[in-house]
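An overview of the molecular structure
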Amino acid sequence: SGRALTTNHASGFVKVVASGDGKLQGAQIVAPRASDMIAEATLALEMQAYLDDVANTIHAHPTFPEAFGEACEDALDECIHQ
C-alpha cells in the first residue's frame, strides 16, 4: 500500500475469503491501521457483495482502505500492486 509506505507501516496483510462464484464470505485484516480499513469489508459483507463489486469500486489513492480493494483484485488474479 502506498499510504502504508508513506507512514512507515508497511507490515500487515488483507485476506479475503470468497465462494466459488466470487461472493465475499469474509475478510481478515492484520495491520497497524486495520481499524481504518475494516468498515469497507463489513459493508461489503452486509451488502452480500462479490469480489468484482469491490474490485470495480474506485478507491482513493493513497489510502489504507484501498488495500481491501487490492485484496479482492488479487483473489480475481487482477492485482497489479503486489
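Only a predicted model underlies this, so the values are computations on that prediction, with no experimental measurement involved. (Residues numbered from 1 in each chain as written. Predicted model: local features only at pLDDT ≥ 70, side-chain atom pairs only at ≥ 80, totals over all residues. Heavy atoms only, no water.)

Helix and strand counts for the chain come out as four helices and two strands. Going residue by residue from the N terminus, the α and β elements of the chain occur as α-β-β-α-α-α. Within the chain, buried positions represent 30% of all 82 residues. Split by element, the accessible area of the chain, about 5200 Å² in all, is 51% carbon and sulfur. (Helix = DSSP H or I, 4+ residues; strand = E, 2+ residues; numbered from the N terminus. Buried < 20%, exposed > 50% of the residue type's maximum accessible area, 1.4 Å probe, protein only. Areas by Shrake-Rupley, 256 points an atom, 1.4 Å probe, with all protein chains shown as cover.)

Time to look at unusual backbone geometry. Cis peptide bonds are those with omega within 30 degrees of zero, and the linkage from His61 to Pro62 qualifies with -5°. By the element assignment, Pro62 lies in the loop between α3 (51-55) and α4 (66-75). Within the chain, Gln48 stands out as a residue other than glycine whose phi angle is a positive 55°. By the element assignment, Gln48 lies in the loop between α2 (34-46) and α3.

The next thing to look at is the nonpolar core. Counting residues in each nonpolar core, the largest one holds 16 residues, and the members touching the most others are Val14, Val16, Leu24, Met37, Ala44, Phe68 and Cys72. For this core, the secondary-structure elements that each account for two or more residues are β1 (13-18), β2 (24-30), α2, α3 and α4. Discounting residues that sit within four places of it in the chain, Val16 has contacts with Leu24, Gly26, Ala27, Leu51, Phe68, Ala71, Cys72 and Ala75. (Core = buried A, V, L, I, M, F, W, Y, C linked by side-chain atoms within 4.5 Å. Contact = heavy atoms within 4.5 Å.)

To continue, consider the side chain of His59. For His59, the position within the fold is in the loop between α3 and α4. At 2.5 Å, the side chain of His59 and the side chain of Glu40 are in polar contact. A distance of 2.9 Å separates a polar side-chain atom of His59 from the backbone oxygen of Thr57. Leaving out residues up to four positions away in the same chain, His59 has contacts with Glu40, Val54, Pro65, Glu66 and Gly69. (Polar contact = N/O pair within 3.5 Å; in protein donor to acceptor, adjacent residues only side chain to side chain.)

Glancing now at α2. Over its 13 residues, α2 extends 18 Å from the first C-alpha to the last, a length consistent with the 18 Å expected when each residue adds 1.5 Å. In the core, the buried residues of α2 are packed alongside β1, β2, α3 and α4. (Expected span 1.5 Å × (residues − 1).)

When β1 meets β2, the two strands line up antiparallel, connected through six bridges. Directly across from Ala18, in β2, lies its bridge partner Leu24. Taken together, β1 and the strand that follows it, β2, pair antiparallel across an intervening segment of five residues, in which Gly22 is found at a positive phi of about 95°. (Pairing = 2+ DSSP bridges.)

This is a description of form; function is not addressed.
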